[in-house]
Amino acid sequence: MKLSRRTGIRINFILDHCLPPFLRDSKWFMWAPFYFLYGKKASIFLDFKEKALNMSEDEFADAYRQVEPVLMERETDLETRCFEEVVQSIRGRSVLEVGCGK
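Below is a summary of the structure that appears in this document. (Residues numbered from 1 in each chain as written. Predicted model: local features only at pLDDT ≥ 70, side-chain atom pairs only at ≥ 80, totals over all residues. Heavy atoms only, no water.)

**Digging into a nonpolar patch on the surface**
- On the surface, F83, V87, I90 and V95 cluster together into a nonpolar patch covering about 360 Å² of accessible area.
- The residue I90 is located in the segment after α6 (80–88) in this model.
- With a relative accessible area of 41%, I90 lands in the partly exposed category. (Patch = residues over 30% accessible without salt bridge, like charges linked within 9 Å, V, L, I, M, F, W, Y side chains within 5 Å. Areas by Shrake-Rupley, 256 points an atom, 1.4 Å probe, with all protein chains shown as cover. Salt bridge = Lys/Arg side-chain N within 4 Å of Asp/Glu carboxyl O. Helix = DSSP H or I, 4+ residues; strand = E, 2+ residues; numbered from the N terminus. Buried < 20%, exposed > 50% of the residue type's maximum accessible area, 1.4 Å probe, protein only.)

Structure representation (C-alpha cells):
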C-alpha cells in the first residue's frame, strides 16, 4: 500500500497527538485497524514489541519477510540533502539503524 507523505503525517498526528497512550498502545484497541490493514499478519505487528527482545536474527528476518508484502510505503521524512549528509557521516564498519522503517 502506497501512502502519500501528507497521509502518513496525518496518521502519525492522530496516533501520537490525539489518542492517549493507553489506547494507542493497547492491542484490544489497535487490533481492528491492524486487522483491516494487514489481515492475518496483524498479530506479527501487534506482538512485535513483546517478542523482539528475545528474537534471534533469523526470527527477525522471518518477521520482516512475512510482513514485507503488506508494509505501507511512503516517502522518507528526510530531504535528499539531509539523507546524503547522514550517509557521509557514517564512520566505522557497522551502523545501528533504529526505527527507520525499511
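**Brief notes about the pattern of salt bridges**
- Overall, the coordinates contain three salt bridges when judged by the stated rule.
- Notably, a salt bridge pairs D25 with R24, separated by 3.7 Å at the nearest N-O pair.
- Here D25 falls in the exposed class, since its relative accessible area comes to 52%.
- The partner of D47 in a salt bridge is K27, and the shortest N-O contact between them spans 2.6 Å. Of the two residues, D47 is situated in helix α4 (residues 42–52) and K27 in helix α3 (residues 27–38); the sequence distance between them amounts to 20 residues.
- For K27, a relative accessible area of 32% puts it in the partly exposed group.
- One salt-bridge network, held together by shared partners, links K27, D47 and E50.

**Details of the packing of α3 against α4**
- Their axes nearest at 7 Å, the elements α3 and α4 cross at an angle of 140°. One element, α3, and the other, α4, form an angle in the oblique class. Contacts from K27, M30, W31, F34, Y35 and Y38 of α3 reach α4 at A42, F45, L46, D47 and E50.
- Partitioning the contact of α3 with α4 into residue classes produces eight nonpolar, no polar and three charged. (Axes fitted to C-alpha atoms, helices over the stretch in contact; angles between N-to-C directions. Parallel < 35°, antiparallel > 145°, perpendicular 65-115°, else oblique. Contact = heavy atoms within 4.5 Å. Nonpolar A, V, L, I, M, F, W, Y, C, P; charged D, E, K, R; others polar.)

**A closer look at the environment of S89**
- Residue position: S89 is located in the segment after α6.
- Residue class for S89 comes out partly exposed when judged on its relative accessible area of 44%.
- From its side chain, S89 meets the backbone oxygen of V86 in a polar contact 2.9 Å long. (Polar contact = N/O pair within 3.5 Å; in protein donor to acceptor, adjacent residues only side chain to side chain.)

**Let's talk about the packing of α4 against helix α5 (residues 57–67)**
- The interhelical angle for the contact between α4 and α5, taken along N-to-C directions, is 165°, at an axis separation of 12 Å. Our classification of the angle between α4 and α5 gives roughly antiparallel. The element α4 and its partner α5 pack so that their crossing is left-handed. Contacts from I44, F45, F48 and A52 of α4 reach α5 at F60, A63, Y64, Q66 and V67.
- Grouping the constituent residues of the contact of α4 with α5 by class yields eight nonpolar, one polar and no charged. (Left-handed = near helix turned anticlockwise from the far one by under 90°.)

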